[in-house]
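Topology and contacts: notes
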Amino acid sequence: MQTIQLQVKDNYAQNILEILQNLKGVMIESVEVQKDKNLEYDPYFYERKTHIEKTIEAVDNGTMEMYDFNESIDALIHKLEK
């Protein structure tokens, strides 16, 4: 026996569960729904994770310019003093 994990879009979860329930006893031994703890605390967890990963990649490959915080603050202070 093998275990398969599916990630299903919210709108289709009920449809997939119905299909799996219909196959229970024939091809499927049991159907279990597990909630993702990450989504319990933050419903946008995976969107944020993807965004952060893309940002890190852009910084690493140089397509996103980074500024030195200290230099930026010094420039701002200098500008405000004028």
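In what follows, the accompanying structure is described. Values in this document were obtained by computation on a predicted structure and should not be read as measured data. (Residues numbered from 1 in each chain as written. Predicted model: local features only at pLDDT ≥ 70, side-chain atom pairs only at ≥ 80, totals over all residues. Heavy atoms only, no water.)

**Thoughts on the pattern of salt bridges**
Taken as a whole and assessed by the stated rule, the structure comprises two salt bridges. Here Arg 48 ties to Asp 42 by a salt bridge, and the two come within 2.9 Å at their closest N and O atoms. Given the relative accessible area of 45%, Arg 48 is considered partly exposed. (Salt bridge = Lys/Arg side-chain N within 4 Å of Asp/Glu carboxyl O. Buried < 20%, exposed > 50% of the residue type's maximum accessible area, 1.4 Å probe, protein only.)

**Things to note about helix α3 (residues 45-61)**
If you check α3, its first and last C-alpha atoms are 24 Å apart, about what 17 residues at 1.5 Å a residue would give, namely 24 Å. Among the residues trailing α3, Gly 62 stands out with phi positive, at a value near 85°. (Helix = DSSP H or I, 4+ residues; strand = E, 2+ residues; numbered from the N terminus. Expected span 1.5 Å × (residues − 1).)

**Focus: the environment of Ala 58**
In this fold, Ala 58 is placed in helix α3. On the accessibility criterion, Ala 58 (12% relative accessible area) is buried. For the pair formed by Ala 58 and Gln 2, sequence separation is 56 residues and the distance between their alpha carbons is 38 Å. Dropping the residues within four chain positions of it, Ala 58 is found in contact with Thr 63 and Met 64. (Contact = heavy atoms within 4.5 Å.)

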